[in-house]
Amino acid sequence: KQIGLSRYKFAQAQFCLAEAARFQDRQFIAEASSCALYQDASGTRLVMRYSAAGSNLSVVKGLVGVGDHWKKGGFASGVAESTRQIRAKFCTPYASPPQRKICAQVCSTSAKGIVDKQLLRHFQDQVRIFGTDAASDELAAARSLGKESIDRRLKGLRPTFPNLLLNVRDFTHGARRTSR
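In what follows, the accompanying structure is described. Just so we're clear, the structure is a prediction, and the values are computed from it rather than from any experiment. (Residues numbered from 1 in each chain as written. Predicted model: local features only at pLDDT ≥ 70, side-chain atom pairs only at ≥ 80, totals over all residues. Heavy atoms only, no water.)

Before going further, it helps to examine the packing of helix H1 (residues 7-31) against helix H3 (residues 117-126). In the contact formed by H1 and H3, the axes pass within 9 Å of each other and the chain directions differ by 60 degrees. For the element pair H1 / H3, the angle class is oblique. As for the relative orientation of H1 and H3, their crossing is left-handed in sense. Residues Arg26, Ile29, Ala30 and Glu31 of H1 form the contact with H3, whose participating residues are Leu119, His122 and Phe123. Taken together, the residues of the contact of H1 with H3 break down into four nonpolar, one polar and two charged. (Axes fitted to C-alpha atoms, helices over the stretch in contact; angles between N-to-C directions. Helix = DSSP H or I, 4+ residues; strand = E, 2+ residues; numbered from the N terminus. Parallel < 35°, antiparallel > 145°, perpendicular 65-115°, else oblique. Left-handed = near helix turned anticlockwise from the far one by under 90°. Contact = heavy atoms within 4.5 Å. Nonpolar A, V, L, I, M, F, W, Y, C, P; charged D, E, K, R; others polar.)

Further remarks concern the nonpolar core. Nonpolar side chains in soluble globular proteins tend to be buried together. Membership of the largest hydrophobic core comes to 26 residues, with the highest contact counts inside it found for Ile29, Cys35, Leu37, Val64 and Phe123. At the level of elements, H1, strand S1 (34-42), strand S2 (45-53), helix H2 (75-90), H3, strand S4 (127-133) and helix H4 (136-146) are the ones that each hand at least two residues to this core. (Core = buried A, V, L, I, M, F, W, Y, C linked by side-chain atoms within 4.5 Å. Buried < 20%, exposed > 50% of the residue type's maximum accessible area, 1.4 Å probe, protein only.)

Another point: the pattern of salt bridges. Using the criterion set out here, one finds three salt bridges in the structure. Of the charged contacts, one joins Glu19 and Arg26 as a salt bridge, the two residues approaching to 2.3 Å between their closest N and O atoms. Across the salt bridge formed by Glu81 and Arg84, the nearest N and O atoms sit 3.3 Å from each other. Of this pair, Glu81 and Arg84 are both found in helix H2, three residues apart, which corresponds to roughly one turn of the helix. What emerges from the salt-bridge pattern is a single network uniting Glu19, Arg22 and Arg26. (Salt bridge = Lys/Arg side-chain N within 4 Å of Asp/Glu carboxyl O.)

Within this model, the largest pocket holds a volume of roughly 470 Å³. Forming the walls of the largest pocket are 20 residues, and the residues nearest its centre are Val64, Gly65, Val66, Lys89 and Ser96. For the lining of the largest pocket, the secondary-structure elements that each account for two or more residues are H1, strand S3 (59-68) and H2. Looking at the lining of the largest pocket, its residues break down into seven nonpolar, five polar and eight charged. (1 Å grid on protein atoms, 1.4 Å probe; cavity = no way out; pocket = protein on both sides within 12 Å on 5 of 7 lines; lining within 4 Å. Points joined across faces, edges and corners; volume = space filled by probe spheres on them.)

Let us now look at the sheet that holds S4. Read across the open sheet, the five strands follow the order S3-S2-S1-S4-S5; overall the sheet is mixed. The sheet is open, and its two edges are formed by S3 and strand S5 (166-170), each paired on a single side. Sheet twist, expressed as the mean angle between neighbouring strand axes with direction ignored, is 20 degrees. Examined bridge by bridge, S1 and S4 share four bridges and lie parallel to one another. If you follow Tyr38 over to S4, its bridge partner there is Gly131. Contacts from H3 reach S1, S3 and S4, with the element oriented near 70 degrees to S4. (Pairing = 2+ DSSP bridges.)

Overall, Arg84 belongs to the buried group, its relative accessible area being 15%. For Arg84, the side chain forms a polar contact with the side chain of Thr160, separated by 2.8 Å. (Polar contact = N/O pair within 3.5 Å; in protein donor to acceptor, adjacent residues only side chain to side chain.)

Right, here's the structure in full:
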């Protein structure tokens, strides 16, 4: 509280700044013509980043989100489910605000916590490349996200990334990890 901000006010300001950056990312993704996703798991955390290109060949890179893949069961199914959850949270304006009620000027109650389904559909349709390191659970998750798995077909769900063309392995990352 040295600069006159309580922890709550600081968390609120931090959330507002982060939400403004996510708003710009969501705006670009909504207009993007293709997108590549890269993910990496370290311990229980799964980090997902994107690189997207617009129709005018402008490129934007950023963070989609961070998740805990062990809470979803670990292994390939946990990584796949965490990937879906991170992607849905990215497409949700004002997701996970600070614990207390955020001021009405910043977050309207009508938009808070509701997934933008049009953005979510466009985002998953534009993913063409999916990159992982050489970990077997991430590779298996990438394969299941790009094609229809039996479980998803039985539930009547479409593939998470139906237009996925290429699964890329980051061999250098895997080699660095095994050489330690």
